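Observations on the three-dimensional arrangement
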Amino acid sequence: MIKEVASNTKKEMDNVIEKTKNEFAKVQTGRAKASLLDSVKAEYYGALTPINQMAKVSAPEPRQLLVSPFDKSVIDDIEKAILKSDLGLNPNNDGDVIRINIPQLTEERRKDLAKVVNKKAEEGKIAIRSIRRQANSELEAFEKDGDISEDNYRRGLDNIQDITDQYIAKIDELLEKKIADIMEV
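Described below are features of the structure shown in this document. (Residues numbered from 1 in each chain as written. Predicted model: local features only at pLDDT ≥ 70, side-chain atom pairs only at ≥ 80, totals over all residues. Heavy atoms only, no water.)

Structural notes on the packing of aromatic side chains
How two aromatic rings sit relative to each other is set out by the distance from centre to centre and by the angle between their planes. As a reminder of what qualifies: Two rings from Phe, Tyr or Trp (for Trp, the six-membered ring) form a pair when their centres sit within 6.5 Å of each other. Planes less than 30 degrees apart are called stacked, planes more than 60 degrees apart edge-to-face, and all others tilted. Both a distance and an angle decide whether a charge sits over a ring: NZ of Lys or CZ of Arg must be within 6 Å of the ring centre and within 35 degrees of the ring normal.
Summed over all chains, the structure comprises 1 aromatic pair. Here lysine 170 stacks its cationic end above the ring of tyrosine 167, 4.3 Å away from the centre of that ring.

Here it is, written out as structure tokens:
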């Protein structure tokens, strides 16, 4: 039972790590990356569709994204979606492709982005601690019901805490890398 709780806890915490990575990928670092537009959705035949499913997104230069729609009739919808997004990008539509120049980040903007990344990391840590709390409650219920002994309950709590510490360290590691990436000129 303890191993099952630990296994489920790890799976849930892995999901939090993946979500945190995805959140970090959305934060602009001053370099063009196709993943920058992953969260942007445009109207496509009555449904909101991710741009990366409607067009090929590439980074031909370090400071430029190129969006080549599969269907040229939706190029205006894609441009509007990019403008409406909270990414602060200005697309240039030439009728065939959309070029997006990524502006150089100022020192002030870098610090703001570092704060945003710190906040997202803290949200990830809170989610991990919540999962720990849930796992500890499950162990407590097992102990109350007499399914496990008090010693096994204590070992289970220690095990869950060790797992939690490992995942918090992973988030800290991701945070350090992302902040280094943002602050790099």
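Description of empty space enclosed by the protein
Where empty space is left can be seen by rolling a probe of water-molecule size over the atoms. Basically, it comes down to this: Detection works on a 1 Å grid of protein atoms alone, calling trapped sets that fit a 1.4 Å probe cavities and calling open sets with protein on both sides within 12 Å along at least five of seven lines pockets, with lining residues defined by an atom within 4 Å of a point. Grid points are joined across faces, edges and corners, and a volume is the space filled by probe spheres set on the points. Numbered from the N terminus, helices here are DSSP runs of H or I no shorter than four residues, and strands are runs of E no shorter than two. Nonpolar residues are Ala, Val, Leu, Ile, Met, Phe, Trp, Tyr, Cys and Pro. Charged residues are Asp, Glu, Lys and Arg, and all others, Gly as well, are polar.
Counting across every chain of the model gives 2 cavities of 30 Å³ or more. Estimated volume of the largest cavity: approximately 40 Å³. Contributing to the lining of the largest cavity are Val5, Asn8, Thr9, Glu12, Ile131, Gln134, Ala135 and Glu138. Elements represented by at least two residues in the lining of the largest cavity include exactly helix H1 (2-25) and helix H4 (107-144). Reported here for the second largest cavity is a volume of approximately 40 Å³. Lining the second largest cavity are Ala25, Val27, Gln28, Thr29, Arg31, Lys33, Leu36 and Lys178. Residue composition of the lining of the second largest cavity, grouped by class: 3 nonpolar, 2 polar and 3 charged.

Details of the packing of H1 against helix H5 (residues 150-183)
We apply this condition: Working convention: axes come from line fits to C-alpha atoms, limited for helices to the stretch in contact. Angles between N-to-C directions cover 0 to 180 degrees. Between 65 and 115 degrees an angle is taken as roughly perpendicular, under 35 as roughly parallel, over 145 as roughly antiparallel, and anywhere else as oblique. For any helix crossing, the convention is left-handed if the near helix is rotated counterclockwise from the far helix by under a right angle, and right-handed if that rotation is clockwise.
Where H1 meets H5, the closest approach of the two axes is 10 Å, and the angle between their N-to-C directions is 15 degrees. As the angle between them shows, H1 and H5 are arranged roughly parallel. In the packing of H1 onto H5, the handedness of the crossing is right-handed. Considered class by class, the residues forming the contact of H1 with H5 number 14 nonpolar, 6 polar and 5 charged.

Concerning the packing of H1 against H4
H4 packs onto H1 with a crossing angle of 170 degrees between their chain directions and a minimal axis gap of 10 Å. Judged by the inter-axis angle, H1 sits roughly antiparallel to H4. For the contact of H1 with H4, the residue count by class is 14 nonpolar, 4 polar and 5 charged.

Any link to function would need more than the numbers given here.
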